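A look at the structure
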Amino acid sequence: MERFQKFILLPLILTASLPGLGFCYSIIHGPSNATVLAGLEARFNCTVSEGWVILIWLSNGNPVLTVISSQGAVETSDRFTSQNYTSSNGFTSELIIHKTQLSDSGKIECSIQQTSENGFAFLSVQVNGSLFIKNSTLTVKENKTVEIVCEAIGWAPAPDITWMTNDSFIDKSRYATQQNQGSNGLHNALSTLTLTPTDTEILTCLADIEALPHPQNASVTLIFVNSTLENYYSEDNRSTWVIVLAIVLSFLGIVLLIIIIVVVVRCCCLKKKGSTYQNEIRKLSSEKNKDGDLQNRQRHGSENQGYIPEELWNTEQSPGIDSLPPVPSKFTVPAPDLHTSSSRKVGPQRRADYLISPKKIRNMTLV
């Protein structure tokens, strides 16, 4: 591309220089130095007196744009454009470099093809990298020394790192910064701050380069813990945990006791219910047996345990006593339609001639 630009611009330079050999013109104001962040625009102005014929812009010795008084600007790249202004003092050409890159850093020249009339300036393209502290919050005990590390990555040039505490700058003797350059041309930095805090404070790491309007920063909150307060809070936390544990165990004990009571009551109810059921069964069985005995008695009558057959009684009687007429041992139940008197029939009077020890006589009357 650069060779192509030179090939195009060379005939134009020669053509424009021929008719101006007898004229005298010069650069009134040359370009000024500029520092920009990568990706932004860079602008340079060059003012020449009247009678000029050709003006050439060069970047690091390479022509990037040509302005001819009779034709205007000849642009060969979209990244390099110009704007022209005419005033009573002369002609001003403004070079605009779009989307600046690190490779654009260097010497920018404005040439009018005079041996001693070249204005130049320097362009510095810088890269704003990243800055961070690993921990956003740190807790430090009393009389303890802590190291805080701030890391800057991907900067160009290497940033200037400083530290602040509660909006006050920290002395440079309290921190050390190491820098190195990577293969991509960017710089890395590592800054370590060492201090023994006496109170809670906010520490801020700042990284600055010329192109930044304000330094980039990263902060960390340093929490100071007093030993007395720490012991107090430790004992307080221990007491709190003991109280909580006691409450939980008490609650579990009450729940367990309730469960045991419910289980015991349930078992007693089931046992009582089973016992009642068995008693009912026995009661029903007993009633059935009684009913059966009653029916048997109604059918067959009751047995008189004192009954002695008449034959045995007659044989054992004394010879002095006349034998009684035989009495039937069985009686016929009268028919239901007959009326039977419930009074006992009195038989004929017998002699009361008994032995000294008379035998028992069983009489059975059916009603």
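Before any of the text, the structure's been laid out above.
This text gives an overview of the structure that appears in the document.

Parameters at a glance
Residues numbered from 1 in each chain as written. Predicted model: local features only at pLDDT ≥ 70, side-chain atom pairs only at ≥ 80, totals over all residues. Heavy atoms only, no water. Salt bridge = Lys/Arg side-chain N within 4 Å of Asp/Glu carboxyl O. Buried < 20%, exposed > 50% of the residue type's maximum accessible area, 1.4 Å probe, protein only. Helix = DSSP H or I, 4+ residues; strand = E, 2+ residues; numbered from the N terminus. Polar contact = N/O pair within 3.5 Å; in protein donor to acceptor, adjacent residues only side chain to side chain. Contact = heavy atoms within 4.5 Å. Disulfide = S-S within 2.5 Å. Core = buried A, V, L, I, M, F, W, Y, C linked by side-chain atoms within 4.5 Å. Pairing = 2+ DSSP bridges.

1. Some words on the pattern of salt bridges
Summed over all chains, the structure comprises three salt bridges. Arg-43 is the salt-bridge partner of Glu-41, the closest N and O atoms lying 3.3 Å from each other. Among the residues examined, Arg-43 registers a relative accessible area of 41% and is labelled partly exposed. Salt bridges here are not isolated pairs; linked through shared partners, they connect Glu-41, Arg-43 and Glu-94.

2. Examining the side chain of Ser-191
Mapped onto the secondary structure, Ser-191 falls in strand β17 (residues 187–195). For Ser-191, a relative accessible area of 0% puts it in the buried group. One polar contact links Ser-191 to Trp-163, side chain to side chain, over a distance of 2.9 Å. A polar side-chain atom of Ser-191 sits 3.2 Å from a polar atom in the side chain of Thr-177. Not counting residues within four places of it along the chain, the set of residues in contact with Ser-191 comprises Ile-148, Val-149, Cys-150, Ile-161, Trp-163, Tyr-175, Ala-176 and Thr-177.

3. Structural notes on the state of the cysteines
This model, assessed by the stated rule, comprises two disulfides. Paired by a disulfide, Cys-150 and Cys-205 hold their sulfur atoms 2.1 Å apart. The sign of the S-S torsion, about -85 degrees, decides the handedness of the disulfide formed by Cys-150 and Cys-205: left-handed. Of the two residues, Cys-150 is situated in strand β13 (residues 146–155) and Cys-205 in strand β18 (residues 201–208); the sequence distance between them amounts to 55 residues. Indicated for the protein is the disulfide connectivity 1-2, 3-4, based on numbering the bonded cysteines in sequence order. In this structure Cys-268 is not part of a disulfide, and its nearest cysteine sulfur, from Cys-269, lies 6.9 Å away.

4. Overview of the nonpolar core
A general trend in soluble globular proteins is that nonpolar side chains are found buried together. Among the nonpolar cores identified, the biggest contains 26 residues, and Leu-131, Ile-133, Ile-148, Trp-163, Leu-203 and Leu-222 are the most heavily contacted of them. Elements with a minimum of two residues in this core: β11 (130–133), β12 (137–141), β13, β14 (160–165), β17, β18 and β19 (216–225). For this core, the element with the highest residue contribution is β13, accounting for five residues. Residues Val-48, Phe-80, Ile-97 and Leu-123 belong to the second largest nonpolar core, which totals 25 residues.

5. Overview of unusual backbone geometry
With glycine set apart, most residues show a phi of negative sign, and most peptide bonds adopt trans. Looking along the chain, the bond that leaves Ala-156 and enters Pro-157 is cis, with omega of -5 degrees. In this fold, Pro-157 is placed in the loop between β13 and β14. Phi angles above zero are rare outside glycine, and Asn-60 is one such case at about 55 degrees. Here Asn-60 is to be found in the loop between β4 (54–59) and β5 (62–68). Overall, the relative accessible area of 38% leaves Asn-60 in the partly exposed class. The residue Lys-99 is not glycine, and still its phi comes out positive at about 50 degrees. Checked against the element boundaries, Lys-99 lands in the loop between β8 (90–97) and β9 (106–111). Here Lys-99 falls in the exposed class, since its relative accessible area comes to 64%.

6. Observations concerning the pairing of β19
Two elements, β12 and β19, share five bridges in a ladder whose sense is parallel. Paired with Thr-139 across the bridge in β19 is Ile-223. Here seven bridges tie β18 to β19, and the two strands are oriented antiparallel to one another. Bridged to Ala-207 within β19 is Gln-216.

7. Some thoughts on the pairing of β11
On a regular strand, one side chain projects to one face of the sheet and the next to the other, so that they alternate. Residues Leu-131 and Ile-133 line the buried face of β11, whereas the alternating positions Ser-130 and Phe-132 sit on a face that is not buried. The pairing of β11 with β13 spans four bridges and is classified as antiparallel. In the sheet register, Ser-130 faces β13, and the bridge partner there is Ile-153.

8. Focus: the sheet that holds β14
Spatially, five strands are ordered β12-β19-β18-β14-β15 in an open sheet, and the strand pairing comes out mixed. In this open sheet, the two strands that pair with only one neighbour each are β12 and β15 (168–169). For β14 and β15, the ladder comprises two bridges, and the chain directions are antiparallel. Within the sheet, the bridge partner assigned to Met-164 lies in β15 and is Phe-169.

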